[in-house]
Amino acid sequence: MLDRTFFERDAVTVARDLIGVEVLVDGVGGPIVETEAYDAGDPASHSFHGPTARNAVLFGPPGHAYIYRIYGLHWCMNFVCSPVSAVLIRAIEPRHGLDVMAGRRGTGSVRLLCSGPGRLCQALAVDHGLDGAPIDAPPFDLRAADAPRSVAVGPRIGISKAVDTPWRFGEAGSRFLSKPFAP
DNA sequence: GAGGCGATTGGCT
DNA sequence: GCCAATCGCCTCG
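Starting from 1, residues in each chain are numbered consecutively following that chain's sequence as written. Lettering for chains starts from A, numbering for ligands starts from 1, and both go in the order in which the items are written. Note on the predicted model: pLDDT of at least 70 is required for a residue's local features to be given, and 80 or more for side-chain atom pairs to be given and counted; whole-chain, interface and lining totals, by contrast, use all residues. Think of the side-chain values as coming from all heavy atoms in the structure, minus any hydrogens and water.

1. Here we look at the protein's contact with DNA strand C
Basically, it comes down to this: If even one non-hydrogen atom of a residue comes within 4 Å of a molecule or strand, that residue is called near it. Under this grouping Gly is polar, as are all residues other than the nonpolar Ala, Val, Leu, Ile, Met, Phe, Trp, Tyr, Cys and Pro and the charged Asp, Glu, Lys and Arg.
The environment of DNA strand C is formed by His49, Thr52, Ala53, Arg54, Tyr71, Gly72 and Leu73. Residue classes in the surface near DNA strand C are distributed as 3 nonpolar, 3 polar and 1 charged.

Structural data, given as structure tokens:
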């Protein structure tokens, strides 16, 4: 289990350090291979326009899950950092509970089980019910990386503001990335 | 109270 | 590569 102070740092630092960290929800999950940072004062962050009903968790203590619905049908999972910032978990490497994930996802393709923020939430059964939940307690279980990873960096995906800010991080060469990093 | 849109995905051309 | 699906939240009137 990660120390709580891990998230008492800025989102960019945490996003880089999360690559390789194992995240399990009720025992299902695997190592994080792709993240994005959304900093305080970042025009692309949900916190930019101040507190609202949806983003209230972002303004609370770090080390909690911020989960929201996107495009009316998918969920996205973030870990809250400090101050008022968050890391979007974009992809993990399926390692534990493959059969459970496949059942939830309705696909046999291991590569597509958790390759994308919406997909991994479906595979791990993450939804609004876990919004605001502390991530150092069940059903979450976060474990330090088993080995150092080579981390690639690039611009974030799918946003319309601050599109050039290089705050997307990923395990170089992983086949479970939602999109490859430019060389 | 109404209108627009999003940190996405999957299916079809 | 393009586009529909689908709805809660936010902004504006």
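Next, the rest of the story.
2. Re the protein's contact with DNA strand B
Where we set the bar: Whenever two N or O atoms come within 3.5 Å, that pair is a polar contact, provided that in protein one can donate a hydrogen and the other can accept it, and provided that, for residues adjacent in sequence, both atoms are side-chain atoms. For the purposes of this entry, the term helix denotes a DSSP run of H or I that reaches at least four residues, the term strand denotes a run of E that reaches at least two, and both are numbered from the N terminus.
Inspection of the region around DNA strand B gives 19 residues, with His46, Asn78, Arg105, Gly118 and Arg119 positioned closest. Near-protein atoms of DNA strand B (within 4 Å) split between backbone and bases, with sugar and phosphate holding 50%. One of the backbone nitrogen or oxygen atoms of Gly118 is found 2.9 Å away from a phosphate oxygen of DNA strand B. With respect to DNA strand B, the side chain of Arg119 contributes an N or O atom lying 2.5 Å from a phosphate oxygen. The set of elements that each furnish at least two residues to the surface near DNA strand B consists of strand 3 (65-70), strand 4 (74-81), strand 5 (85-92) and helix 3 (117-123). At 3 residues, helix 3 tops the list of elements feeding residues into the surface near DNA strand B.

3. Description of unusual backbone geometry
Here the residue pair Ser82 and Pro83 is connected by a cis peptide bond, since its omega of 0° sits within 30 degrees of zero. As for its placement among the helices and strands, Pro83 is situated in the loop between strand 4 and strand 5. Despite not being glycine, Val84 shows a phi value in the positive range, around 35°. With respect to the helices and strands, the residue Val84 is situated in the loop between strand 4 and strand 5.

4. Regarding the pattern of salt bridges
Let me state the cut-off plainly: Note on definitions: salt bridges are taken to be side-chain nitrogens of Lys or Arg within 4 Å of carboxyl oxygens of Asp or Glu. Under the scheme applied here, a residue whose accessible area is under 20% of the maximum for its type counts as buried, over 50% as exposed, and between as partly exposed, the area being computed with a 1.4 Å probe on protein chains only.
Counted by the stated rule, this structure contains 13 salt bridges. Ionic pairing is found between Arg90 and Glu34, a salt bridge with its closest N-O pair at 2.9 Å. One end of the pair, Arg90, is in strand 5; the other, Glu34, is in strand 2 (residues 28-38), and 56 residues separate them in sequence. Judged by relative accessible area, which is 8%, Arg90 ranks as buried. The closest approach of N and O atoms between Arg95 and Glu93, which form a salt bridge, is 3.6 Å. It is possible to trace a salt-bridge network through shared partners that takes in Glu22, Glu93, Arg95, Asp141, Arg143, Asp146, Arg149 and Glu171.

5. Digging into the nonpolar core
Heads up, the rule is: The definition of a nonpolar core used throughout is a set of buried Ala, Val, Leu, Ile, Met, Phe, Trp, Tyr and Cys residues joined through side-chain atoms within 4.5 Å. Whether two residues touch is decided by their heavy atoms; if any such pair falls within 4.5 Å, the residues are in contact.
Counting residues in each nonpolar core, the largest one holds 38 residues, and the members touching the most others are Phe7, Leu18, Met77, Phe79, Ile89, Leu124 and Phe140. When contributions to this core are tallied by element, the ones reaching two or more residues are helix 1 (11-17), strand 1 (22-25), strand 2, strand 3, strand 4, strand 5, helix 3 and strand 6 (140-143). Setting aside residues no more than four positions away along its own chain, Phe79 makes contact with Phe7, Leu18, Val23, Ile32, His64, Ser85, Ala86, Val87, Ile89, Ile135 and Leu142. Counting 10 residues, the second-largest nonpolar core is a separate cluster that includes Val57, Tyr68, Cys76 and Ala86.

6. Comments concerning the side chain of Asp141
Structurally, Asp141 is set in strand 6. Looking at Asp141, its side chain comes within polar contact range of the side chain of Arg143, at 3.0 Å. Beyond its immediate stretch of four places on either side in the chain, Asp141 contacts Met1, Glu22, Val23 and Leu24.

Everything listed here is a matter of geometry and, on its own, says nothing about what the molecule does.
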